[in-house]
Amino acid sequence: MTAINEVTDLRLESDIAVLTLDSPPVNALSANVRSGLFDGIQAADANDDARAIVLICEGRTFIAGADITEFGGKAAAGASLTDVQAAMQNAKKPVIAAIHGTALGGGLEVALCAHFRIAIPSARCGLPEVNLGLLPGAGGTQRLPRIVGVETALAMVTSGRHVPAAECLELGLIDEIVDEGELLDGAISFAKKVLAEDRPLRKVDEFNDKVEAARGKPEIFEAFRASIARKTRGFLAPEYNIRCIEAAVNEPFDEGLRTEGRLFRELVTGEQSAAQRYSFFAEREVWKVPDVPRDTPQLPIQTVGIVGAGTMGGGIAMNFANIGIPVTLIEQNQEALDRGLGVVRANYERSAKRGRLTSEDVEVRMGLLTGSLSIDDLAECDLVIEAVFENMGVKKKIFADFDRVMKPGAILATNTSALDIDEIASATKRPESVIGLHFFSPANVMRLVEVVRADHTSKEVIATSMALAKRIGKMAALVGVCPGFVGNRILAPRQAQANALLLEGAMPWDIDRVLFDFGLPMGPFAMSDLAGLDIGWSKETSKGETLRDVLCEMDRRGQKNGKGFYDYGDDRSASPSPEVEKIIRDFAARSGKETREISDEEILERCVYPMINEGFEILAEGKAIRASDIDVIWVNGYGWPVYRGGPMFYGEQIGLDRVLERLRAFQKTHGDAFAPASLLEQAVTEGKNYRDLGY
Ligand code: CAA
């Protein structure tokens, strides 16, 4: 065995050179890795005792891509990726990439320069750069379509999907699958077979049939663009990836590579990719809780109880049933229980109809759900979650019952989105077991969970809750107890400004359009219409004091009855409502407000800057661990466009000094809703970013 450098070794297995890469955690293509690969391939090629070269990786995965931390920073040192690829392609003897885990991005691009690829069944290959706001910049867009064809390549580069080994074999992306656990032996046998059969050394660059087949057919690209337009609205990278595949079809290989390089550089130096790379790391950091170390003991969670089988309780239950954890659902009467379980079944059956589940899956999952009318039946559960309506008295009563019936050590969780969890915990004699698990509706779909730490919540309960959230496929952020926690607390000032803007002369559709164009899935008024304007409103108690009261009194209740802030067509298409415009103008006049023309820029600043400001208040109060956690919450729970990082990242991107200056100006004209947070003032005065400030 010869060490090529700290991360690569070369050895001979009879007449096969085995180049092993070992650079934890994911063998990313850092400068060291590139140099090791380059020198290793050259050494193996020069060694007359070696007749073929196997490239294989240690650890959890084959090369998972370029080292993302190198992007946007200093110029990368050492051998370039192109040098490594050329060394592989130009080797005089067969080079075989042996893949386990994931061959992603630059990892797959390296493998595409081997003459052959083999993998174990659990391996996956993909070009996920699009999810970092990038494109595969090392020939991936030129080589992939030459193997898998243009349509498949388009789908792969714009979705970033990790394609399973069996499918890769069908696509020709890998040449053979070997048994799990037998990768090295399989690769050596494969190499010997290649030598015995004297197979020609294949260079993907020279495969032209599939790209030529698409030449002169621009309709392929136009149809593809149309098919992903809705999903990729606002993102630059999908379109850039498509242009690269077009180049693969219409330009000679080397020119295509140059086009790819040019477009890659544009993206990697742009704002969107900076935001998406930031988000990648933010979503990994969010799991780390400084005072709850990785080795904190966790409580085993094998059974779950949920009180409340409404939309929320049922949705939460599905998350556990989906991974095989039995759930007992409690309701007050049989009818409510049957209705709740019926909704869950209907949800599963819809998934089955769409081909996402088999009918057996539906039955297995439903079989894990048990209904009951007695909280006493939860006694042996490891975790109970209260998911009833927001009423402190009711919740305290349920927690007193939990205290009475639950076995010692069980986690007692509330799904409240608004109430004080410390007060809820005070109804028990074990506040250390109490935690908030704030799921977002629909809870079986939405990715975010705010894990809410109360004053006495134990570290074991926090560690277990975070790990459990990960197990059920959620993105969890640990937050503190405060009104609205982090997500809704930040939403509140935006909603207040949206409402205020209406009375100053902006129409609901103006405000919605500005926020939609900014990248949010919908604006606040379209959202209200979807939810229903009459939630929590009643004719008997309405005083006609708010705009909502007036709209509801006029039977404008939202999408469900075809009119709310908007008028709805039979196909649910929304159009601005002249009636609403008049209602708003009259309402403003009665409130003594003068209306004026309001620019899109003002709408955006008035809605978004108070959110950033609130984020600073939250950080100063210690209710979020770090600024990037706030961003993870807003991207995953509220549809903030990931290409803008999140409200806190966006604040830094436009400049905290600018945010502060505008807040001060708005404070003068509109009052203390815009009073800047002291921490924001400190950041600007001291010229510091979140990290400098310790967030
Ligand atoms: N560069 C640098 N660090 C990386 C990395 C990369 N490409 N991929 C993962 N990491 C780090 C993570 O930040 C994490 O670090 P911490 O433990 O310090 O938090 C660690 O590796 C483990 O990652 P995960 O927690 O994500 O581990 P996992 O086992 O759940 O998933 C994975 C592994 C599927 C490889 C996942 O990490 C992943 O999807 N990585 C990104 C893959 C990617 O996008 N590759 C393309 C890169 S861009 C490119 O290659 C451009 C080009 O064309 C040259």
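Residues numbered from 1 in each chain as written. Predicted model: local features only at pLDDT ≥ 70, side-chain atom pairs only at ≥ 80, totals over all residues. Heavy atoms only, no water.

A.B. asks: Would you mind showing me how to read the pairing of strand β1 (residues 2-5) here?
C.D. replies: Along any regular strand, the residues point their side chains to alternate faces of the sheet. In the sheet, β1 pairs with strand β2 (residues 8-13) via 3 bridges, with the strands oriented antiparallel. Paired with N5 across the strands is T8, a residue of β2. In this structure, the hairpin formed by β1 and β2 is closed by a connection of 2 residues. (Pairing = 2+ DSSP bridges. Helix = DSSP H or I, 4+ residues; strand = E, 2+ residues; numbered from the N terminus.)

A.B. asks: I would appreciate a short explanation of the nonpolar core in the present structure.
C.D. replies: Across soluble globular proteins, you tend to see nonpolar side chains buried next to one another. Ranked by size, the top nonpolar core spans 138 residues in total, and within it F320, L383, I385, F402, I511 and F616 carry the most contacts. If we skip the residues at most four places from it in the chain, I511 touches A498, L501, L502, A506, P524, F525, I603 and C607. (Core = buried A, V, L, I, M, F, W, Y, C linked by side-chain atoms within 4.5 Å. Buried < 20%, exposed > 50% of the residue type's maximum accessible area, 1.4 Å probe, protein only. Contact = heavy atoms within 4.5 Å.)

A.B. asks: What exactly am I supposed to notice about the site of the ligand here?
C.D. replies: Surveying the vicinity of the ligand reveals 26 residues, the closest of which are A66, G106, E109, R284 and K288. The backbone of A64 places a nitrogen or oxygen atom 2.9 Å from a nitrogen atom of the ligand. The separation between an oxygen atom of the ligand and a polar main-chain atom of G106 is 2.7 Å. When residues in the shell around the ligand are grouped by element, the largest group, 3 residues, is from helix α12 (residues 271-285). Of the residues in the shell around the ligand, the class split is 15 nonpolar, 5 polar and 6 charged. (Near = heavy atom within 4 Å. Polar contact = N/O pair within 3.5 Å; in protein donor to acceptor, adjacent residues only side chain to side chain. Nonpolar A, V, L, I, M, F, W, Y, C, P; charged D, E, K, R; others polar.)

A.B. asks: Could you clarify how one ought to interpret helix α1 (residues 31-46) in this entry?
C.D. replies: In an α-helix, one turn spans 3.6 residues; hence positions three or four apart end up facing the same way. With 16 residues, α1 extends 22 Å between its outermost C-alpha atoms, agreeing within 8% with the 22 Å of an ideal straight helix rising 1.5 Å per residue. For α1, the complete set of buried residues consists of V33, R34, S35, G36, L37, G40, I41, A44 and D45. In the core, the buried residues of α1 are packed alongside β1, β2, β3 (16-21), β4 (52-57), α2 (81-89) and β5 (95-99). (Expected span 1.5 Å × (residues − 1).)

A.B. asks: Just checking my understanding: could you explain the sheet that holds strand β16 (residues 434-439) for this structure?
C.D. replies: Backbone hydrogen bonds hold the strands of a sheet together, and the pairing may be parallel or antiparallel. Taking strand neighbours across the sheet as the criterion, the 8 strands line up as β13-β12-β11-β14-β15-β16-β17-β18 in an open arrangement whose pairing is mixed. For this open sheet the edge positions go to β13 (369-372) and β18 (475-480), each flanked by a neighbour on one side alone. The mean inter-strand angle of the sheet, taken between neighbouring strand axes irrespective of direction, is 25 degrees. As judged from the 4 bridges shared by strand β11 (residues 304-307) and strand β12 (residues 327-330), these two strands associate in the parallel manner. Across the sheet, V304 pairs through a bridge with V327, a residue of β12. (Axes fitted to C-alpha atoms, helices over the stretch in contact; angles between N-to-C directions.)

A.B. asks: What is the right way to read the packing of helix α24 (residues 600-620) against helix α25 (residues 627-638) from this model?
C.D. replies: In the contact formed by α24 and α25, the axes pass within 10 Å of each other and the chain directions differ by 130 degrees. By the angle class used here, α24 and α25 are oblique. α24 and α25 meet at a crossing whose hand is right-handed. Packed against α24, whose contacting residues are M611, G615, I618 and L619, the element α25 presents A627, I630 and W634 at the interface. Of the residues in the contact of α24 with α25, the class split is 6 nonpolar, 1 polar and no charged. (Parallel < 35°, antiparallel > 145°, perpendicular 65-115°, else oblique. Left-handed = near helix turned anticlockwise from the far one by under 90°.)

A.B. asks: Can you walk me through a positive patch on the surface in this structure?
C.D. replies: Taken together, R60, R284, K288, R294, R447 and K470 make up a surface patch of like positive charges. Looking at the secondary structure, you find R284 in helix α12. (Patch = residues over 30% accessible without salt bridge, like charges linked within 9 Å, V, L, I, M, F, W, Y side chains within 5 Å. Areas by Shrake-Rupley, 256 points an atom, 1.4 Å probe, with all protein chains shown as cover. Salt bridge = Lys/Arg side-chain N within 4 Å of Asp/Glu carboxyl O. Lys, Arg positive; Asp, Glu negative; His and termini not counted. Charge placed at Lys NZ, Arg CZ, Asp CG, Glu CD.)

A.B. asks: Can you walk me through the layout of surface pockets in this structure?
C.D. replies: Rolled over the atoms, a probe with the dimensions of a water molecule shows which regions are left empty. Here the second largest pocket is characterised by a volume of approximately 640 Å³. Taken together, 25 residues make up the lining of the second largest pocket; nearest its centre are M318, V343, N347, R350 and N444. Broken down by secondary-structure element, the contributors of at least two residues to the lining of the second largest pocket are α13 (311-322) and α14 (334-353). A total of 9 residues in the lining of the second largest pocket trace back to one element, the largest contributor, which is α14. Across the lining of the second largest pocket, the residue classes break down as 9 nonpolar, 10 polar and 6 charged. (1 Å grid on protein atoms, 1.4 Å probe; cavity = no way out; pocket = protein on both sides within 12 Å on 5 of 7 lines; lining within 4 Å. Points joined across faces, edges and corners; volume = space filled by probe spheres on them.)

A.B. asks: Whenever I open this one, unusual backbone geometry confuses me. Can you help?
C.D. replies: Note: most peptide bonds trans; most residues except glycine with negative phi. A cis amide bond links P24 with the next residue in sequence, P25, at an omega value of 0 degrees. Along the chain, P25 falls in the loop between β3 and α1. Following S441, the chain continues into P442 via a peptide bond in cis, with omega recorded as -5 degrees. Within the element layout of this structure, P442 appears in the loop between β16 and β17 (448-453). Phi is positive for D198, which is not a glycine, with a value near 55 degrees. Among the structural elements, D198 can be located in the loop between α7 (183-196) and α8 (209-213).

A.B. asks: Explain the sheet that holds strand β9 (residues 163-164) here, please?
C.D. replies: With respect to topology, 3 strands assemble into an open sheet ordered β6-β8-β9, the strand pairing being mixed. Each edge of the open sheet is held by one strand with a lone partner, namely β6 (102-104) and β9. With 3 bridges joining them, β6 and strand β8 (residues 124-126) adopt parallel strand pairing. Residue pairing across strands places T102 opposite R124, the latter belonging to β8.

A.B. asks: Just checking my understanding: could you explain α12 for this structure?
C.D. replies: Helix length check: α12 (15 residues) gives 21 Å between terminal C-alpha atoms against 21 Å at 1.5 Å per residue, within 8%. For α12, every residue scored as buried is listed here: Q272, S273, A275, Q276, R277, S279, A282 and E283. Where the residues of α12 are buried, they touch α10 (237-250), α11 (253-268), β18, α25 and α26 (647-654).

A.B. asks: What exactly am I supposed to notice about the packing of helix α4 (residues 140-148) against α11 here?
C.D. replies: Any two packed helices are characterised by how steeply their axes cross, that is the angle between the axes, and by the distance between the axes. α11 packs onto α4 with a crossing angle of 130 degrees between their chain directions and a minimal axis gap of 8 Å. Considering the angle they form, α4 stands oblique to α11. Along its contact with α4, which presents G140, T141, Q142, R143 and R146, the element α11 presents F253, G256, L257 and E260. The residue makeup of the contact of α4 with α11, split by class, is 2 nonpolar, 4 polar and 3 charged.

A.B. asks: Is there a simple way to think about the side chain of Q142 in this case?
C.D. replies: Residue position: Q142 is located in helix α4. Overall, Q142 belongs to the buried group, its relative accessible area being 0%. There is a polar contact of 3.4 Å between the side chain of Q142 and the backbone nitrogen of A248. Sequence-distant contacts of Q142, that is, excluding residues within four places in its chain, are made with C244, A247, A248, F253, G256, L257 and E260.

A.B. asks: What's the story with the environment of K397 in this structure? I'm lost.
C.D. replies: Along the chain, the position of K397 falls in helix α16 (residues 392-405). Considered as a pair, K397 and D692 are 295 residues apart in the sequence and their alpha carbons are 45 Å apart.

A.B. asks: Just to check I follow, could you spell out empty space enclosed by the protein for this structure?
C.D. replies: Within this structure, the stated rule accounts for 1 cavity of 30 Å³ or more. Reported here for the largest cavity is a volume of approximately 40 Å³. For the largest cavity, the full set of lining residues is F320, L437, F439, V449, S465, L468, A469 and I472. Of the residues forming the lining of the largest cavity, the biggest block, 3 residues, is contributed by helix α18 (residues 459-471).

A.B. asks: Explain the packing of aromatic side chains to me, please; I cannot follow it from the model alone.
C.D. replies: In this description, a pair of aromatic rings is defined by centroid distance and the angle of the planes. Applying the stated criterion across every chain, the model contains 17 aromatic pairs. Geometrically, the ring pair formed by F116 and F190 is edge-to-face, given 5.7 Å between the ring centres and 65 degrees between the ring planes. One end of the pair, F116, is in strand β7 (residues 116-119); the other, F190, is in helix α7, with 74 residues separating them in the sequence. The same class applies to F116 as to F190, namely buried. Centroid distance F235 to Y643: 4.9 Å. Interplanar angle 80 degrees. Geometry classified as edge-to-face. Taken as a pair, F235 in the loop between α9 (218-228) and α10 and Y643 in the loop between α25 and α26 lie far apart in primary sequence, 408 residues in all. F235 sits in the partly exposed class, given a relative accessible area of 26%. By relative accessible area, Y643 is classed as buried at 6%. (Phe/Tyr/Trp six-rings, centres within 6.5 Å; stacked < 30°, edge-to-face > 60°.)

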